[in-house]
Amino acid sequence: MKVLVIGSVYPRFEKDAEVPWLRASIAHLKKAGAEIQVLAPAYKGLKSHTIDGTPVNRFRYAPAKWEMLTHEEGAPSKMASKPWLQLLAIPYIISGFFKCIGLCRKWKPDVIHAHWPFPHAYIALGAAKLFRIPLVLNFHGAELLLIRKKKWVRPLLKFAIGQAQAVFANSSFTAAKIKAIRDVNVEWSPYGTTLGSDGDAGIVPQLHPVNGKFKILFVGRHIERKGICYLIEAAKFLDPQKFEIRIVGEGDLTEQLKAQAAALEQDGIVHAPITFTGKLIPPVLESEYRDANVFVLPAIVDHKGDTEGLGVVLIEAMELGLPIVASKVGGIPDVVVDQESGILVPEKNPEALADAFKRLADDTEFTLKLLAGSKKRIRDCFTWDGIIERQIAVYNKLIKK
């Protein structure tokens, strides 16, 4: 089976940390016997290349110095800060459209799997129609948020969904948004872990040792919808002798968040210490997970209506044996079943966050119950073998039609 995977982002070199879940997905598809090629835009003149033995076909859409619409940060965020980048959208779609036709004419894939259907459905549609190749659209949530700001996107997405032979969504939250546009069958296709091994779900869970203080870990981009400011506020309700907060990653709000944490010191407020680690390479990041005692994702619905489509970082933390505290927003409840595989709290509620951390620090039996529940949740829903088996079953059904 040949599958052409289309996306806006793919690793540019072996150690590139972009979209690790998509890279892992493709690795597991290949393990299951599928032959894969990737179609993705160039970044600053980057030519076609190979990653993990997978051909990555890059399409050029502008002079090299302008080819920065994707990678390193989401295109919507880039266009918000640099409106002129919107002018690249048309050559992006046209160039990708013809590159896709040429690739399909030569390679003849059995299925086209397009991630982020706006705009990639329109890159794929020409080849799908011309060569009668089944088209799978894979939604991740972010593309659906454009409808709130740009009303003209809705009819385009509605049309594209109607042209697809199958539609995937990363969460029930995303699926509901798709169905609100067009009432179609939507397959749930989440992500598996990109750290550690997803084969140890049956191991009896053990608490991470508390070395000094009970370590609260956040990992992710420093953007509004992650709700990091509320985690910093939660520090005021935590004993500084017992707890510490470690914030991994970078983003547009990093300096603002550091200033918020520094203001606690300047105001003389007693609080749990807060450490910003910056971006970490995978081995160091995995050490952070293994040294932590709880993982937190204090996500919110931001001022644009954006929130977590799924929260793949939660799956990684669960896989590495951490109890979870997260906000009850977006697709997070697909991963965290409250009081079973983690603790869900209301968004924008620092005291609720702090109370959850205190309970986990004080109640060993409850924490072990959550760890057992998270292992079961991974085993039932988020192992790559299970995800890919369901995905390939859809591919086979389409090919046989």
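Scroll up to find the structure this text is about.
What counts and what doesn't
Throughout this description, residue numbers start from 1 for each chain and increase along the sequence as written. Predicted model: local features are reported for residues with pLDDT of at least 70 only, side-chain atom pairs are reported and counted for 80 or more only, and whole-chain, interface and lining totals are derived from all residues. The side-chain figures draw on all heavy atoms in the structure; neither hydrogens nor water molecules are used. Points on a 1 Å grid, built from protein atoms alone, make a cavity when a 1.4 Å probe fits but cannot get out and make a pocket when they are open with protein on both sides within 12 Å along at least 5 of 7 lines; residues with an atom within 4 Å of a point are the lining residues. Grid points are joined across faces, edges and corners, and a volume is the space filled by probe spheres set on the points. Helix numbers and strand numbers start at the N terminus; a helix is a DSSP run of H or I with at least 4 residues, a strand a run of E with at least 2. Amino acids are sorted into nonpolar (Ala, Val, Leu, Ile, Met, Phe, Trp, Tyr, Cys and Pro), charged (Asp, Glu, Lys and Arg) and polar (every other residue, Gly among them). Ring pairs are drawn from Phe, Tyr and Trp, using the six-membered ring of Trp, whenever the two centres fall within 6.5 Å, and their geometry is named by plane angle: stacked under 30 degrees, edge-to-face over 60, tilted for the rest. To sort residues, take the accessible area from a 1.4 Å probe on protein chains only and compare it with the maximum for the residue type: under 20% means buried, over 50% means exposed, and anything in between is partly exposed. Lysine and arginine charges are scored as sitting over a ring when NZ or CZ, respectively, is within 6 Å of the ring centre and within 35 degrees of the ring normal. By the criterion applied in these results, polar contacts are pairs of N or O atoms within 3.5 Å in which, for protein atoms, one can donate a hydrogen and the other can accept it, and in which residues neighboring in sequence qualify only through two side-chain atoms. Every residue pair with non-hydrogen atoms within 4.5 Å of one another is taken to be in contact. Any carboxyl oxygen of Asp or Glu within 4 Å of a side-chain nitrogen of Lys or Arg constitutes a salt bridge here. Buried Ala, Val, Leu, Ile, Met, Phe, Trp, Tyr and Cys residues form a nonpolar core when they are joined through side-chain atoms within 4.5 Å. Pairing between strands is defined by DSSP: at least two bridges between the two strands are required. The arc in question is traced by the directions running from the helix axis to the C-beta atoms. Whether a crossover is right-handed comes down to one check: with the strands pointing away from the viewer, does the path from the first strand over the helix to the second run clockwise; if it does, it is right-handed. To get an axis, fit a line to the C-alpha atoms, keeping to the stretch in contact for a helix; angles then go from 0 to 180 degrees between the N-to-C directions. Any angle that falls under 35 degrees is termed roughly parallel, while one over 145 is termed roughly antiparallel, one within 65 to 115 roughly perpendicular, and all others oblique.

(A) Fine view of empty space enclosed by the protein. If you walk through the whole model with that rule in mind, you get 1 cavity of 30 Å³ or more. Put simply, the largest cavity is a space of about 70 Å³. What lines the largest cavity is W21, S25, H113, H115, N138, H140, S189, P190, Y191, W384, I387 and Q391. Going through the elements one at a time, α1 (20–31), β5 (111–115) and α15 (384–400) are the ones with two or more residues in the lining of the largest cavity. The dominant element in the lining of the largest cavity, judged by the number of residues it contributes, is α15, at 3 residues. Residue classes in the lining of the largest cavity are distributed as 5 nonpolar, 7 polar and no charged.

(B) The arrangement of the packing of aromatic side chains in detail. With the rule as written, the count across this model stands at 11 aromatic pairs. Ring centres of Y122 and F159 lie 6.5 Å apart, and the angle between their planes is 25°; on these two criteria the pair is classed as stacked. Placement of Y122 in helix α4 (residues 117–130) and of F159 in helix α6 (residues 153–163) is noted, with a sequence separation of 37 residues between them. In this structure Y122 comes out as partly exposed when scored by relative accessible area, which is 22%. You can call F159 partly exposed: its relative accessible area is 43%. Here the guanidinium or amino end of R12 rests over the ring plane of Y43, the centre of that ring lying 4.8 Å away.

(C) Geometry of the side chain of H71. Among the secondary structure elements, H71 is positioned in the loop between β4 (54–59) and α2 (75–81). With relative accessibility at 0%, the residue H71 sits in the buried group. Among the polar contacts made by the side chain of H71, one reaches the main-chain carbonyl oxygen of Y10 at a distance of 3.2 Å. At a separation of 3.3 Å, a polar atom in the side chain of H71 contacts the side chain of R58. When sequence neighbours within four positions are dropped, the list of residues in contact with H71 reads S8, V9, Y10, R12, E18, P41, Y43, R58 and K78.

(D) Summary view of the pattern of salt bridges. Tallied over the entire structure, the rule returns 16 salt bridges. Ionic pairing is found between D385 and K31, a salt bridge with its closest N-O pair at 3.9 Å. Taken together, the positions of D385 in helix α15 and K31 in helix α1 put the pair 354 residues apart, joining distant regions of the chain. According to the relative accessible area criterion, K31 is exposed, its value standing at 64%. The partner of R290 in a salt bridge is E286, with the nearest N and O atoms 2.9 Å apart. Pair noted here: R290 and E286 are both in helix α10 (residues 282–291), with a separation of 4 residues, about one helical turn. Three or more residues are tied together by salt bridges with common partners; here these are K215, E244, R246 and E288.

(E) Structural context of the nonpolar core. With 87 residues, the main nonpolar core has I216, Y289, F295, V325 and F357 as its most contacted residues. Broken down by element, the residue count for this core peaks at 7 residues, all from α15. Those residues in contact with I216 that lie beyond four places of it in its chain are L231, L238, F243, E244, I245, R246, V294, V296 and F357. Judged by nonpolar contacts, the second largest core, of 45 residues, contains L85, I133, V153 and I161.

(F) Region of interest: the side chain of H222. Checked against the element boundaries, H222 lands in the loop between β9 (214–219) and α8 (228–234). Beyond its immediate stretch of four places on either side in the chain, H222 contacts I228, I247, V248, G249, E250, G251, D252, L253, T254, L257 and F276.

(G) Fine view of the sheet that holds strand β8 (residues 187–188). Read across the sheet, 8 strands follow the order β3-β4-β2-β1-β5-β6-β7-β8 without closing on themselves; strand pairing throughout is mixed. Each edge of the open sheet carries a strand with a single partner, namely β3 (49–51) and β8. Of the pairings in the sheet, the one linking β5 to strand β6 (residues 135–139) comprises 4 bridges and is parallel in character. Across the sheet, H115 pairs through a bridge with N138, a residue of β6.

(H) Inspection of helix α7 (residues 172–181) at higher detail. Along α7, the residues that are buried comprise T174, A175, I178 and I181. With its buried residues spanning 115° around the axis, α7 presents them on a single face. Looking at the buried side of α7, the elements it contacts are β6, α5 (142–149), α6 and β7 (166–169).

(I) Structural detail: the pairing of strand β10 (residues 243–248). Burial of β10 is extensive: 6 of the 6 residues sit out of reach of the surface. The two faces of β10 match: F243, I245 and I247 on one face and E244, R246 and V248 on the other face are all buried. The sheet contact formed by β9 and β10 spans 6 bridges and is parallel. Looking across to β10, one finds that K215 is bridged to E244. At this point the chain moves from β9, through α8, to the parallel β10, and the crossover so formed is right-handed. In this view, the connection linking β10 to its parallel neighbour strand β11 (residues 274–278) by way of helix α9 (residues 254–266) has right-handed handedness.

(J) Highlighting the packing of α6 against α7. Taken N-terminus to C-terminus, the directions of α6 and α7 make an angle of 95°; their axes are 9 Å apart at the nearest point. One finds that α6 runs roughly perpendicular with respect to α7. Contacts from R154, L157, K158 and I161 of α6 reach α7 at I178, A180 and I181. Of the residues in the contact of α6 with α7, the class split is 5 nonpolar, no polar and 2 charged.

(K) Quick look at the sheet that holds strand β12 (residues 294–297). Strands sit in the order β11-β10-β9-β12-β13-β14 across an open sheet of 6 strands; the sheet is parallel. The sheet terminates laterally at β11 and β14 (343–345), the two strands that pair on one side only. Strand-to-strand, the axes of this sheet are offset by a mean angle of 25°, without reference to chain direction. By the bridge criterion, 3 bridges tie β12 to strand β13 (residues 324–327) in an arrangement that is parallel. Its bridge partner lying in β13, V296 is registered against V325. Strands in contact with helix α13 (residues 350–362) are β9, β10, β12, β13 and β14; relative to β14, the strand with the most contacts, it is inclined by about 160°.

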